[in-house]
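# Fold and geometry: a report
The lines below spell out each chain.
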Amino acid sequence: MTSTQAELDRSKLGTLSVLAWIGDPDEAHDIPYLLAYILGDGPDGPAASEAAARGLLEEIGLPIGDVVMDGVRNPASFPVQILLEGNQIALTLPGMNAKCIAPPEWVKAAAESGQAYFLFATRAWPEAVPGRPVDAETLQAFAGDTEVLNHSAHAVLAVRRLQR
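Description of the structure in this document. (Residues numbered from 1 in each chain as written. Predicted model: local features only at pLDDT ≥ 70, side-chain atom pairs only at ≥ 80, totals over all residues. Heavy atoms only, no water.)

What follows covers the overall build of the chain. Per the secondary structure count, the chain includes 4 helices and 8 strands. A globule of 164 residues ought to have a C-alpha radius of gyration of about 15 Å, and the chain, at 16 Å, matches this closely. Seen through its principal axes, the chain has C-alpha atoms that stretch 55 × 35 × 30 Å. Split into buried and exposed, the 164 residues of the chain put 41% on the buried side. Looking at the chain alone, contacts between residues at least 24 apart form 68% of all its contacts between residues at least 6 apart. Taking the average place of the 11 positive charges on the side chains of the chain and the average place of its 21 negative ones, the gap between the two points comes to 9 Å. (Helix = DSSP H or I, 4+ residues; strand = E, 2+ residues; numbered from the N terminus. Rg over C-alpha atoms; globule rule 2.2 N^0.38 Å. Buried < 20%, exposed > 50% of the residue type's maximum accessible area, 1.4 Å probe, protein only. Contact = heavy atoms within 4.5 Å. Lys, Arg positive; Asp, Glu negative; His and termini not counted. Charge placed at Lys NZ, Arg CZ, Asp CG, Glu CD.)

Right under this line is the structure:
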């Protein structure tokens, strides 16, 4: 007997947000990071939003856990794309996108390396509402949490720019 997987209902995700930061340059850790996360505000609540996030990652072929996918080698065929224009980051996934403002140090680090470390957290983070600042301690508590990291997709992505 065979079964088919129904197409994912992206509306169950709720709000998809993106946050950019770099590590501490004083500790030679100036890697640009980009975190995609959900607020858990989908129509069926946080648990359904988290399940939809896991389903999305499975659908596009990004494993959850400690595997870091290489989106730099063949960026045009990778299911997740980053486009940087000025200080604006556009994150594109199949059927959806999100935008954020990058801090100047992120733009500089991404320009120097041409890539960014991407995480897509499947755990909802309702405290990080778009448009409100997230302090370093709050970011560290979420993005550095072992459970969050273990239940996220990880990839190194090429940072593309518009051709002029």
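If a strand is regular, its side chains alternate between the two faces of the sheet. Burial within strand 2 (residues 32-38) is extensive, with 7 of its 7 residues counted as buried. Sheet analysis places strand 1 (residues 16-22) next to strand 2, joined by 7 bridges and oriented antiparallel. Bridged to Trp21 within strand 2 is Tyr33. As paired strands, strand 2 and strand 7 (residues 115-121) are joined by 4 bridges and run parallel to one another. When the bridges of strand 7 are listed, Ala36 appears paired with Phe120. (Pairing = 2+ DSSP bridges.)

Proximity of charged atoms lets side chains of opposite charge pair with each other. Inspection of every chain in the model, using the stated rule, returns 4 salt bridges. Of the charged contacts, one joins Asp70 and Arg73 as a salt bridge, the two residues approaching to 3.5 Å between their closest N and O atoms. Between Arg123 and Asp145 there is a salt bridge; the shortest N-O distance is 3.6 Å. Residue Arg123 is found in the loop between strand 7 and helix 3 (136-143), and its partner Asp145 is found in the loop between helix 3 and helix 4 (146-150); the two are separated by 22 residues along the sequence. Residue Arg123 is classed as partly exposed on the basis of its relative accessible area of 33%. (Salt bridge = Lys/Arg side-chain N within 4 Å of Asp/Glu carboxyl O.)

A few words on the side chain of Ser152. Among the secondary structure elements, Ser152 is positioned in strand 8 (residues 152-161). Owing to a relative accessible area of 0%, Ser152 belongs among the buried residues under this scheme. Contact partners of Ser152, with chain neighbours within four places excluded, come to Pro63, Ile64, Gly65, Phe120, Ala121 and Thr122.

The subject of this paragraph is helix 3. All of the buried residues along helix 3 are Leu139, Phe142 and Ala143. On an axial view of helix 3, the arc spanned by its buried residues comes to 80 degrees, and they lie on one face. The exposed residues of helix 3 that point more than 90 degrees off its buried face are Glu137, Gln140 and Ala141. On its buried side, helix 3 packs onto strand 1, strand 2, strand 7 and helix 4. The N-capping residue of helix 3, defined by a side-chain oxygen 3.1 Å from the backbone nitrogen of Glu137, is Asp135. (Arc of directions from axis to C-beta. Polar contact = N/O pair within 3.5 Å; in protein donor to acceptor, adjacent residues only side chain to side chain.)

Below, the discussion takes up the environment of Pro94. For Pro94, the position within the fold is in the loop between strand 5 (88-93) and strand 6 (96-101). With near-sequence residues (within four places) excluded, Pro94 lies in contact with Arg10, Ile60 and Pro79.

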